[in-house]
Amino acid sequence: TGKITLNAGGGKASVFGKLLAEEVHLLGDEVLLSGLVDVSCSSKGGKVFIGGGIEGKESTIPNSRLVAITEGAKICANGLDQADGGEVFVWANQSTHFWGLIEAKGGPNGGDGGLIEVSAGDDLSYKGYSDVSAPHGKRGKIVIGNKCN
C-alpha cells in the first residue's frame, strides 16, 4: 500500500523489477519501464502516472520528454473483488513508445473498468495492448492520441 515516486528529474528513470503500491509515479526526462507496476486494490484500482499526468497538463506532475514501455512490461490498475478499475496515464512531451500491457479492469465480482491514457505531445508509437473490461460492470475508457497539448 502507499505511494511510490521515482523522479529522476533531468535524468533517466528505469524500472526493470516490480513496483507494488496504491499509487506510482515514474518521472524523469526519460522513463523506461521494462518490469511490472501493480496498483490493483480491493477498494478501487490505484493510479499510475508515467511521464506525466492527464494529457501532460497537470501542473503538479513534471512531464517527461521520452517514455518507453517495452514488450513484456505490464501495468495493472485492476479493481479486485467488486472494485472499479483504476487510472493509468502515460505521457511524454516528445515521444511515447508503448509495446507493453496495461490493465484497468473492473473486479471479477462487480465494478466498472477504469481509465487508460497513452499519449504524446509529438510522436506516439502504440503497439501494445490495453484492457478496461469489466465482467459485471461497465467497460472503462481508453484514450490514445498525440498532440494533446
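Calculation rules
Residue positions are given per chain, counting from 1 as you read along its sequence in written order. Only residues with pLDDT of at least 70 get local features here, since the model is predicted, and only at 80 or more are side-chain atom pairs given and counted; chain-wide, interface and lining totals rely on the full set of residues. Hydrogen atoms and water are omitted, and side-chain values are computed over all heavy atoms in the structure. Elements are defined by DSSP. Helices are runs of H or I of four residues or more, strands are runs of E of two residues or more, and each kind is numbered from the N terminus. Our radius of gyration looks at C-alpha atoms and nothing else; its globule reference is 2.2 Å times the residue count to the power 0.38. Residue burial is assigned from relative accessible area. The probe radius is 1.4 Å, only protein chains are included, and a residue is buried under 20% of its type maximum, exposed over 50%, and partly exposed in between. Under the convention used here, a 1.4 Å probe and the Shrake-Rupley method define accessible areas, while residue burial counts only the protein chains that appear. Charge convention: Lys and Arg are scored as positive, Asp and Glu as negative, and His as well as the terminal groups of each chain are ignored. Note that the charge is assigned to NZ on lysines, CZ on arginines, CG on aspartates and CD on glutamates. Here, a disulfide means two cysteine sulfur atoms that sit within 2.5 Å of each other. For this analysis, a nonpolar core means a set of buried residues of the types Ala, Val, Leu, Ile, Met, Phe, Trp, Tyr and Cys, connected via side-chain atoms within 4.5 Å. In this analysis, two residues are considered to be in contact whenever any of their non-hydrogen atoms come within 4.5 Å of each other. What makes two strands pair is DSSP finding at least two bridges between them. Note on ring pairs: Phe, Tyr and Trp rings are taken, using the six-membered ring of Trp, and paired if centres are within 6.5 Å. Classes follow the plane angle, with under 30 degrees stacked, over 60 edge-to-face and the rest tilted.

Right, let's get into the overall build of the protein chain. In terms of helices and strands, the protein chain carries zero helices and 16 strands. Scaling as 2.2 N^0.38, a compact globule of 149 residues should have a C-alpha radius of gyration of about 15 Å, and the protein chain matches this with 14 Å. On the principal axes, the C-alpha backbone points of the protein chain span a range of 40 × 30 × 30 Å. Taking all 149 residues of the protein chain together, the buried fraction comes to 48%. Within the structure as shown, the protein chain displays about 6700 Å² of accessible surface, and the carbon and sulfur contribution to it stands at 48%. Distance between charge centroids for the protein chain: 2 Å, based on 14 positive and 17 negative side chains.

Here we take up the state of the cysteines. Taken as a whole and judged by the stated rule, the model has zero disulfides. In this model Cys-76 remains outside any disulfide bridge; the closest cysteine sulfur is found in Cys-41, 12 Å from its own.

Let us look at the nonpolar core. With 26 residues, the main nonpolar core has Leu-26, Leu-33, Val-37, Ile-50, Ile-69 and Ile-75 as its most contacted residues. Ignoring sequence-local partners within four residues, the contact set of Ile-50 consists of Leu-26, Val-31, Leu-33, Val-67, Ile-69, Ile-75, Phe-89, Val-90 and Trp-91.

This part is about the pairing of strand β10 (residues 87–92). For β10, the buried fraction is high: six of the six residues fall into the buried class. In β10, alternate side chains face the same way, and those of Glu-87, Phe-89 and Trp-91 on one face and Val-88, Val-90 and Ala-92 on the other are all buried. As paired strands, strand β7 (residues 47–50) and β10 are joined by four bridges and run parallel to one another. Of the residues in β10, the one forming a bridge with Val-48 is Val-88. As paired strands, β10 and strand β13 (residues 115–120) are joined by six bridges and run parallel to one another. When the sheet's bridge partners are listed, Val-88 is paired in β13 with Ile-116.

Our next topic: the packing of aromatic side chains. In total, this model carries two aromatic pairs according to the counting rule given. Between the aromatic rings of Phe-49 and Phe-89, the centroid separation amounts to 5.4 Å while the plane-to-plane angle is 20°, which identifies the pairing as stacked. With Phe-49 in strand β7 and Phe-89 in strand β10, the pair connects residues that are 40 residues apart, well separated along the chain. On the basis of relative accessibility, which here comes to 2%, the residue Phe-89 falls in the buried class. Measuring from ring centre to ring centre gives 5.0 Å for Phe-98 and Tyr-126, while their planes differ by 40°; the resulting arrangement is tilted. Of this pair, Phe-98 sits in strand β11 (residues 95–98) while Tyr-126 sits in strand β14 (residues 123–126); the two residues are 28 residues apart in sequence, bridging distant segments of the chain. The class of Phe-98 is buried, set by a relative accessible area of 0%. Residue Tyr-126 is classed as partly exposed on the basis of its relative accessible area of 27%.

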